[in-house]
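Now for the letters of each chain:
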2 protein chains.
Amino acid sequence: MNQKGKLYVVGIGPGAYEQMTVKAVRALEKSQVIVGYTVYAQLVREHFPEKEYVTTPMRQEKERCQMALDLVKKGKIVSMVCSGDSGVYGMSSLIFQLAGEESFDIEAVPGVTAALGGGALLGAPLGHDFAVISLSDLLTPMEIIEKRLRAAAQADFVICLYNPASKKRADYLKWACDVVLSLRGPETVCGWVKNIGREGETMEVLTLKELKDLEADMFTTVFIGSSNTKNIQGRMITPRGYRNV
Amino acid sequence: MNQKGKLYVVGIGPGAYEQMTVKAVRALEKSQVIVGYTVYAQLVREHFPEKEYVTTPMRQEKERCQMALDLVKKGKIVSMVCSGDSGVYGMSSLIFQLAGEESFDIEAVPGVTAALGGGALLGAPLGHDFAVISLSDLLTPMEIIEKRLRAAAQADFVICLYNPASKKRADYLKWACDVVLSLRGPETVCGWVKNIGREGETMEVLTLKELKDLEADMFTTVFIGSSNTKNIQGRMITPRGYRNV
């Protein structure tokens with residue numbers, strides 16, 4: 001009889017090895033096969049060169065998840081790696097949907113998502129209530145994205161934007177800034193981070209009207225402050241409440 | 001001349017050692033003094049017993065931060081530990097505010113906040129856009145909390161509630177559920193987790209109308225699904241978009 005397979009859905013954090021949790025490291029150590037999008041699998045391979053790797057290009061998420069489940073069916077211990085957290089726009093919801101009623105042994109291993117990793121580099125933008133919104137309209141109608149941007153801006157949430165742009169969506173961030181600018185002041189404190197924890201890591205704290213001109217890419221995470229967010233010595237800081245420190 | 005002090009503001013994750021990042025472990029290893037709220041300092045002490053510890057009871061956040069900065073001024077390498085992430089309702093915003101214009105060497109080390117740690121236990125509730133709201137009115141007027149609850153419910157965000165209750169605020173979660181129930185259906189898929197990664201870890205996936213009767217405490221994290229969130233085999237799953245898998 002085969003050994004019983006197991007699937008870890010592992011958030012590896014923003015990219016650097018040391019941003020992984022100890023639990024993620026242990027899951028990867030225990031795994032026989034590591035499945036993932038080519039770029040993230042490569043980041044892991046540097047530290048676990050002896051594993052078997054199964055990689056797929058971008059956008060083939062469903063195929064990638066199915067491959068991981070098929071390996072588990074064959075009795076393999078498998079880690080499916082995701083950047084950031086495995087749950088936040090990650091693979092774990094798709095894995096659980098595809099697994100359906102079949103009884104797989106699946107464990108989601110959380111990780112440092114870009115909102116947290118990027119936030120720490122900028123200062124403390126997420127010190128109070130915040131909303132996370134993806135600008136990707138690949139799976140979501142634009143009307144829903146716009147409704148959420150408006151609601152978050154109106155209720156004075158700090159807003160963290162994932163997938164602010166891609167080659168096909170070059171002007172989405174500018175559009176999102178205009179939506180927010182219709183409800184918030186142009187001097188609202190904002191920030192962005194590119195390539196968190198990787199080569200080419202860059203960041204900036206700036207105003208909402210300046211953010212409009214940012215050339216974002218798919219490795220950029222954007223933060224729009226609440227009315228209470230401050231620029232303190234070049235850092236983006238949202239106090240923990242509305243009363244004085 | 002003294003050595004140059006440094007302050008790490010370290011998110012230690014939900015509580016278990018293995019939920020810390022490798023970077024957090026290394027920061028603690030490098031530190032001479034560890035400062036924190038008694039409960040979290042105790043969690044760390046088990047793994048780093050040889051360090052010097054400076055602890056303060058709950059609610060003395062400002063004093064705790066000032067103590068950490070004073071130690072850094074004396075040339076010490078200090079880690080200030082926070083549960084979860086150091087930025088999400090964490091100590092790093094207060095640290096940066098108190099440091100002000102003084103040139104301290106401060107590094108925020110991100111960690112797995114309860115939304116991510118709890119989410120992984122429940123399934124994948126944060127697979128799509130979400131809002132994080134604290135129900136604590138210690139530093140925030142209730143009108144702002146209510147406005148954000150309404151906005152998030154109306155725009156169909158998944159909502160993650162921090163600090164859903166305390167001894168003094170026993171009925172806040174019930175109130176919040178009523179606010180959301182005025183805008184969302186009673187069968188909305190919800191979930192809660194208590195004592196993530198610690199002794200007494202419990203969780204449940206249930207409906208919004210059932211959530212109203214939960215006796216939450218300060219170690220509970222609550223998730224209210226979007227209209228798209230599903231209960232799949234007892235797990236709380238929010239798909240990554242609105243089109244079919």
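Along every chain, residues carry numbers that run from 1 in the direction the sequence is written. Numbering of ligands from 1 and lettering of chains from A proceed in the order in which they are written. Given that this is a predicted model, residues contribute local features only at a pLDDT of at least 70 and side-chain atom pairs are listed and counted only at 80 or more, while totals for whole chains, interfaces and linings are drawn from all residues. Only heavy atoms go into the side-chain values, all of them from the structure, while hydrogens and water stay out.

### A closer look at the pairing of strand S2 (residues 33-37) of chain A
Residue and element names in this part refer to chain A. Put simply, the rule reads: Buried means the residue's accessible area, taken with a 1.4 Å probe over protein chains only, is under 20% of the maximum for its type, while exposed means over 50%, and partly exposed covers the values in between. Counting from the N terminus, the helices are the DSSP runs of H or I reaching at least four residues and the strands are the DSSP runs of E reaching at least two. For two strands to be treated as a pair, DSSP must find no fewer than two bridges joining them.
Burial runs high along S2: five of the five residues are buried. Of the pairings in the sheet, the one linking S2 to strand S3 (residues 52-56) comprises five bridges and is parallel in character. Residue Val33 lies in a different strand from S3, and its bridge partner there is Glu52. Sheet topology note: the S2/strand S4 (residues 77-82) ladder contains four bridges and is parallel. The partner of Val35 across the bridge, within S4, is Met80.

### Looking at the packing of aromatic side chains
As a reminder of what qualifies: Aromatic contacts are taken between Phe, Tyr and Trp rings whose centres are within 6.5 Å, Trp giving its six-membered ring; a plane angle under 30 degrees counts as stacked, one over 60 as edge-to-face, and the others as tilted. Both a distance and an angle decide whether a charge sits over a ring: NZ of Lys or CZ of Arg must be within 6 Å of the ring centre and within 35 degrees of the ring normal.
Under the definition given, this model contains four aromatic pairs over all chains. Ring centres 5.2 Å apart and planes at 45° place the aromatic pair B:Tyr89 and B:Tyr162 in the tilted group. Taken as a pair, B:Tyr89 in the loop between strand S4 (77-82) and helix H4 (92-99) and B:Tyr162 in strand S8 (residues 158-162) lie far apart in primary sequence, 73 residues in all. The ring of B:Phe157 carries the charged tip of A:Arg148 above its face, separated from the ring centre by 5.6 Å. Seen from the ring of A:Trp192, A:Lys194 lies directly overhead, with NZ or CZ sitting 5.4 Å from the centre.

### Re empty space enclosed by the protein
The condition is simple: Buriedness for pockets is judged along seven lines, at least five of which must meet protein on both sides within 12 Å for an open set on the 1 Å grid over protein atoms alone, while cavities are sets there where a 1.4 Å probe fits but cannot get out, and lining residues have an atom within 4 Å of a point. Grid points are joined across faces, edges and corners, and a volume is the space filled by probe spheres set on the points.
Following the criterion strictly, the structure yields five cavities of 30 Å³ or more and no others. Reported here for the largest cavity is a volume of approximately 60 Å³. If you trace the largest cavity, you find 13 residues lining it, with A:Leu116, A:Gly119, A:Ala120, B:Asp85 and B:Gly87 closest to the centre. Contributing elements (two or more residues each) for the lining of the largest cavity: helix H5 (114-122) and strand S6 (123-124) of chain A. Sort the elements by how many residues they give to the lining of the largest cavity and H5(A) lands first, with four residues.

### Some points on the packing of helix H3 (residues 61-73) of chain B against H4(B)
When two helices pack together, their arrangement is given by the angle between their axes and by how far apart the axes lie. Residues and elements named next belong to chain B. Note the cut-off: Only the stretch in contact is used when a helix axis is fitted, and all axes are lines through C-alpha atoms; the angle between N-to-C directions ranges over 0 to 180 degrees. Here the word oblique covers every angle except those under 35 degrees (roughly parallel), over 145 (roughly antiparallel) and from 65 to 115 (roughly perpendicular). Crossings are assigned a handedness: left-handed for a near helix turned anticlockwise from the far helix by less than a right angle, right-handed for a clockwise turn. In this description, contact between two residues means that some pair of their heavy atoms is separated by no more than 4.5 Å.
Closest axis-to-axis distance for the H3/H4 pair is 10 Å, and the angle between their directions is 60°. If you check the angle between H3 and H4, you find them oblique. Crossing geometry of H3 relative to H4 is assigned as right-handed. Where H3 approaches H4, its residues Glu61, Lys62, Cys65, Gln66 and Leu69 are matched on the opposing element by Leu94, Ile95, Leu98 and Ala99.

### So, H5(A)
Among the nine residues of H5(A), eight are classified as buried, and the element is accordingly described as predominantly covered. Taken as a whole, H5(A) has its buried residues at A:Ala114, A:Ala115, A:Leu116, A:Gly117, A:Gly118, A:Gly119, A:Ala120 and A:Leu122.

### Things to note about the packing of helix H6 (residues 142-154) of chain B against helix H7 (residues 172-181) of chain B
All names here are of chain B. For the record, the criterion: Under the convention adopted here, Pro, Cys and the residues Ala, Val, Leu, Ile, Met, Phe, Trp and Tyr are nonpolar, Asp, Glu, Lys and Arg are charged, and Gly plus all remaining residues are polar.
Across the interface, H6 lies against H7 with an axial gap of 9 Å and an inter-helix angle of 45°. The angle between H6 and H7 places the two elements in the oblique class. In this structure, H6 meets H7 at a crossing whose hand is right-handed. Taken together, the residues of H7 that come into contact with H6 (itself represented by Met142, Ile145, Glu146, Leu149, Arg150 and Ala153) are Tyr172, Trp175, Ala176, Val179 and Val180. When its residues are assigned to classes, the contact of H6 with H7 shows nine nonpolar, no polar and two charged.

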